[in-house]
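A structural walkthrough
Listed here are the chains, written in short residue letters.
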2 protein chains.
Amino acid sequence: MNYKGDIPSAVIRRLPRYYRYLTDLLNNDIQKVSSRELSERMGFTASQIRQDFNYFGGFGQQGYGYNVQYLYKEIGAILGVDKKKTMVIIGAGNLGRALANYMNFRTKGFELVGIFDVKKELIGQDINGIRIKCIDEIDEFINHANVDIGVLSVPYDQAADVADKLVNCGIRALWNFSPMDLQLPQGVVVENVHLSDSLMVLSFMLSQLQTGSDKMIDKKSLGLRV
Amino acid sequence: MNYKGDIPSAVIRRLPRYYRYLTDLLNNDIQKVSSRELSERMGFTASQIRQDFNYFGGFGQQGYGYNVQYLYKEIGAILGVDKKKTMVIIGAGNLGRALANYMNFRTKGFELVGIFDVKKELIGQDINGIRIKCIDEIDEFINHANVDIGVLSVPYDQAADVADKLVNCGIRALWNFSPMDLQLPQGVVVENVHLSDSLMVLSFMLSQLQTGSDKMIDKKSLGLRV
């Protein structure tokens, strides 16, 4: 795909949101949508939407509006969700289990193929038809399976080691739920989900509300994080 | 606190990250830090850090650097984590349990005071010493307890109803893990954690890597999301 120049990360972060809304439109058999209609549903301005889409060539709005099916397909392709991605979860605690059960992932083209942990009492247990394996088996597992994404739901003090292990096995994308900011070599991408950071941002917004100084912050853009 | 003008949401989103690094410094008995040292640890430029801090009056860097304890205290106060906040979790599935067990919250001044669900088989069970109650009891519970934050770990089709219920009970801050973008009245703040959006951003980055076109995106700012 020929992108028009560097794409700001904020634009990339809005794409999944467009994709979700387009999915809803398709589920409701809506075939055409104008940037104004999309803007009303999503809370962005119509000009923002057109500006975002222009990074990807504009998606050919003609006359009345965008072809929903076409837009859905194009944005899906940009996000790479048109191609199946396989993932393993490291850490089968509550969060790992929650992620394993989040079957929504599968419908978007993400397939969970393995779950690993260090705890003897967890190994051999079954989550959604997948047997938890010992972390020591991961090298061999990845050598025999094609794994795109490693999900880290391990404690802080294990995160760096596990990340190194996965990268050494050839995994190039990490979804990191540990509170550590991972330092990774070039050619590896990481998406950090720092839950406590998110909670502190909420705490900040609430404090602003409570002290009546909430006019000073860009509440909408904070609240509408995608 | 007198903030200097409107603070961009990106700056607010970096504050928890500063707070985490300052916590590490304190734990290592480091009492002074320069913006350059902080920059090396965190991966931001020193000028970015000074610029961020200037929104809050600069935190008085003098000579060698910042006083770590002072900076930690000030940023904590801005984030509102210096005052205890109470929270209830709605939805005691795997994700709700993971959040309940994430005791890290408590050390940062967040105290879990109640867990609610609709499922009869869950009600009465115990998570970390807190008995799961029926969602129908929530009005009365909130009338008798001071609850600052409602955590929504419920499915898509229940999110809007539960959010309305909490807001009607007087809760002004929602931490929303359901895949729905909540429409809330003024005077209520919401922090959405859309896990599938986050996974799709990772998928995008991986696709860029695989097609060799990763030079076109601002990888660092994507990867270093705070």
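Description of the structure in this document.

Basis of the calculations
- Residues numbered from 1 in each chain as written.
- Chains lettered and ligands numbered in written order.
- Predicted model: local features only at pLDDT ≥ 70, side-chain atom pairs only at ≥ 80, totals over all residues.
- Heavy atoms only, no water.
- Contact = heavy atoms within 4.5 Å.
- Buried area = accessible area lost by both parts, 1.4 Å probe.
- Salt bridge = Lys/Arg side-chain N within 4 Å of Asp/Glu carboxyl O.
- Polar contact = N/O pair within 3.5 Å; in protein donor to acceptor, adjacent residues only side chain to side chain.
- Helix = DSSP H or I, 4+ residues; strand = E, 2+ residues; numbered from the N terminus.
- Nonpolar A, V, L, I, M, F, W, Y, C, P; charged D, E, K, R; others polar.
- Pairing = 2+ DSSP bridges.
- Axes fitted to C-alpha atoms, helices over the stretch in contact; angles between N-to-C directions.
- Phe/Tyr/Trp six-rings, centres within 6.5 Å; stacked < 30°, edge-to-face > 60°.
- Buried < 20%, exposed > 50% of the residue type's maximum accessible area, 1.4 Å probe, protein only.
- Least-squares fit on C-alpha atoms with pLDDT ≥ 70 in both.
- Parallel < 35°, antiparallel > 145°, perpendicular 65-115°, else oblique.
- Expected span 1.5 Å × (residues − 1).
- Arc of directions from axis to C-beta.

Quick look at the interface of chain B and chain A
Across the contact, 76 residues belong to chain B and 76 residues belong to chain A. Summed over both sides, the interface between chain B and chain A buries roughly 7,100 Å², with carbon and sulfur atoms accounting for 61% of that surface. Viewed at the interface, chain A and chain B are joined by six salt bridges. For Asp181 of chain A, the salt bridge is made with Arg17 of chain B, and the minimal N-O distance between the two is 2.9 Å. At the boundary of chain B and chain A, one finds 19 residue pairs in polar contact (both at pLDDT 80 or more). Among the elements that line the side of chain B that touches chain A, the one with the most residues is helix α9 (residues 195-210) of chain B, at 16 residues. Residue classes in the side of chain B that touches chain A are distributed as 40 nonpolar, 18 polar and 18 charged.

Section: the sheet that holds strand β4 (residues 110-117) of chain A
The strand order across the open sheet formed by seven strands is β5-β6-β4-β3-β7-β8-β9 (chain A), and the pairing between neighbours is mixed. What marks the edges here is a single partner per strand, and that holds for β5 (126-127) and β9 (189-192) of chain A. Along the sheet face, α9 of chain B touches β3 (85-90), β4, β7 (149-152), β8 (173-176) and β9 of chain A and points at about 170 degrees away from the line of β9 of chain A.

Some thoughts on the sheet that holds strand β6 (residues 130-134) of chain B
The sheet built from seven strands is open, its strands ordered β5-β6-β4-β3-β7-β8-β9 (chain B) with mixed pairing. Each having just a single partner strand, β5 (126-127) and β9 (189-192) of chain B make up the two edges of the open sheet. As judged from the six bridges shared by strand β3 (residues 85-90) of chain B and strand β4 (residues 110-117) of chain B, these two strands associate in the parallel manner. Note that in β4 of chain B the partner of Ile89 of chain B across the bridge is Ile115 of chain B. Against the sheet, helix α9 (residues 195-210) of chain A makes contact with β3, β4, β7 (149-152), β8 (173-176) and β9 of chain B, and its axis sits at roughly 170 degrees relative to β9 of chain B, the strand it touches most.

So, the packing of aromatic side chains
Across all of its chains, the model carries 16 aromatic pairs over all chains by this definition. On the basis of an interplanar angle of 80 degrees and a centroid distance of 5.1 Å, the ring pair of Phe53 of chain A and Phe59 of chain A is categorised as edge-to-face. The pair Phe53 of chain A / Phe59 of chain A is uniform in exposure class, with both members buried. A centroid spacing of 5.3 Å and a plane angle of 75 degrees characterise the contact between Phe116 of chain B and Phe141 of chain B, whose relative ring orientation is edge-to-face. In this pair, Phe116 of chain B is assigned in strand β4 and Phe141 of chain B in helix α7 (residues 138-144), connecting sequence segments 25 residues apart. Phe141 of chain B shares its class with Phe116 of chain B; the two are buried. Site record: aromatic cluster; members linked through ring pairs are Tyr18, Phe44, Phe53, Phe56, Phe59 and Tyr66 of chain A.

Details of the relation of the copies chain B and chain A
Least-squares fitting of chain B to chain A yields an RMSD of 0.0 Å, with the transformation described by 0.0 Å of translation along the axis and a rotation of 180 degrees. Here the symmetry operator amounts to a two-fold rotation axis. When the interface residues of chain B are mapped onto chain A, 100% of them again fall at the interface, so both copies present the same face.

Considerations on the packing of helix α2 (residues 35-42) of chain A against helix α3 (residues 46-54) of chain A
Residues and elements named next belong to chain A. The geometry of α2 relative to α3 is characterised by a closest axis approach of 8 Å and an angle of 110 degrees between their N-to-C directions. Considered as vectors, α2 and α3 are oriented roughly perpendicular to each other. Contact residues: Ser35, Arg36, Leu38 and Ser39 in α2; Ala46, Ile49, Arg50 and Phe53 in α3. Partitioned by chemical class, the residues of the contact of α2 with α3 number four nonpolar, two polar and two charged.

Description of the pairing of β9 of chain A
All names here are of chain A. Neither face of β9 is open: one carries Val189 and Glu191, the other Val190 and Asn192, and all of them are buried. The pairing of β8 with β9 spans four bridges and is classified as parallel. Across the sheet, Leu174 pairs through a bridge with Val190, a residue of β9.

Digging into the pattern of salt bridges
According to the stated counting rule, one finds 16 salt bridges over all chains in the structure shown. Between Asp197 of chain B and Arg20 of chain A there is a salt bridge, with its nearest N and O atoms 2.9 Å apart. Taken together, the residues Asp197 of chain B in helix α9 and Arg20 of chain A in helix α1 (residues 9-27) connect one chain to another. Across this residue pair, the class does not change: Asp197 of chain B and Arg20 of chain A are buried. Sharing partners across several salt bridges, the network here consists of Arg17 and Arg20 of chain A together with Asp181 and Asp197 of chain B.

Examining helix α4 (residues 68-79) of chain A
Between its terminal C-alpha atoms α4 of chain A stretches 16 Å, which fits the 16 Å expected from 12 residues at 1.5 Å a residue. For α4 of chain A, the full list of buried residues reads Val68, Leu71, Ile75, Gly76, Ile78 and Leu79 of chain A. An end-on view of α4 of chain A places all buried positions within 160 degrees of arc, on one side of the element. Contacts made by the buried residues of α4 of chain A are with α1, β1 (32-33), α3 and β2 (66-67) of chain A together with α9 of chain B. Sitting at the head of α4 of chain A, Asn67 of chain A places a side-chain oxygen 3.1 Å from the backbone nitrogen of Gln69 of chain A. Gly80 of chain A sits one or two residues past α4 of chain A and shows a positive phi near 80 degrees.

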